[in-house]
Amino acid sequence: MSDSSEFAISTVSRHGLPGEEKELAAFAAAVIDADLHMYVEEAFYDSNSNCCAFTYRFGLTVYDDVAVQLYAIALLTISQFEWFGTICYGRGMTED
């Protein structure tokens with residue numbers, strides 16, 4: 001197990017919107033709880049497009065087991081996010 005401070009997750013909301021910051025905090029907490037924090041460098045919520053993007057460590061790819069787990073966490077915590085080139089909807093959102 002790694003030291004959580006060694007692999008901190010940077011969470012940024014472009015305009016500091018409370019709803020986005022709440023989602024980012026929930027995502028980071030769930031990733032840390034799952035002991036996957038070493039794989040996520042940053043979660044950036046672009047307030048202009050209402051979409052979150054992630055920066056990964058260690059060359060993570062969409063079909064890695066860790067990526068599948070991170071995707072499940074993102075679905076539960078983030079309303080709209082970019083996932084390896086695809087826009088996804090989670091946390092009560094739909095495409096409609």
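Described in the following lines is the structure provided in the data block. Not measured: the values here are computed from a predicted model. What you see as residue numbers is a count from 1 along each chain, following the sequence as written. Owing to the predicted nature of the model, reporting of local features is limited to residues with pLDDT of at least 70; listing and counting of side-chain atom pairs is limited to 80 or more, with chain, interface and lining totals taken over all residues. Hydrogens and waters are ignored; side-chain quantities use all the structure's heavy atoms.

It is worth spelling out helix H2 (residues 65-77) at this point. For helices the rule is a DSSP run of H or I covering at least 4 residues; for strands it is a run of E covering at least 2, with both sets numbered from the N terminus onward. How far a helix is expected to stretch is found by multiplying one less than its residue total by 1.5 Å. With 13 residues, H2 should cover 18 Å at 1.5 Å per step; its first-to-last C-alpha distance of 19 Å lies within 8% of that length. The complete set of buried residues in H2 reads Val 66, Ala 67, Leu 70, Ile 73, Ala 74 and Thr 77. On an axial view of H2, the arc spanned by its buried residues comes to 120 degrees, and they lie on one face. Opposite the buried face of H2, at more than 90 degrees from it, the exposed residues are Asp 65 and Leu 76. Note on contacts: a residue pair qualifies if any of its non-hydrogen atoms lie within 4.5 Å across the two residues. Structurally, H2 contributes buried residues whose contacts are with helix H1 (18-33), strand S2 (40-46), strand S3 (51-56) and strand S4 (80-83). Relative accessibility decides the category of a residue: with a 1.4 Å probe and only protein chains considered, values under 20% of the type maximum give buried, values over 50% give exposed, and everything between is partly exposed. Note that the arc is defined by the directions from the helix axis to the C-beta atoms.

Let us look at the pattern of salt bridges. Whenever Lys or Arg places a side-chain nitrogen within 4 Å of a carboxyl oxygen from Asp or Glu, that contact is recorded as a salt bridge. Within this structure, the stated rule accounts for one salt bridge. A salt bridge links Arg 14 to Asp 46; the nearest nitrogen and oxygen atoms lie 2.9 Å apart. Note that Arg 14 is positioned in the loop between strand S1 (10-13) and H1 and Asp 46 in strand S2, a separation of 32 residues in sequence.

Glancing now at the nonpolar core. Counting residues in each nonpolar core, the largest one holds 21 residues, and the members touching the most others are Phe 27, Val 31, Cys 52, Phe 54, Leu 70 and Phe 81. Among the elements that take part in this core, H2 stands out by supplying five residues, more than any other. The residues touching Phe 54, leaving out its near neighbours within four places in the chain, are Phe 27, Glu 42, Ala 43, Ala 74, Ile 78, Phe 81, Glu 82 and Trp 83. Think of a nonpolar core as a cluster: buried Ala, Val, Leu, Ile, Met, Phe, Trp, Tyr and Cys residues, connected wherever their side-chain atoms sit within 4.5 Å.

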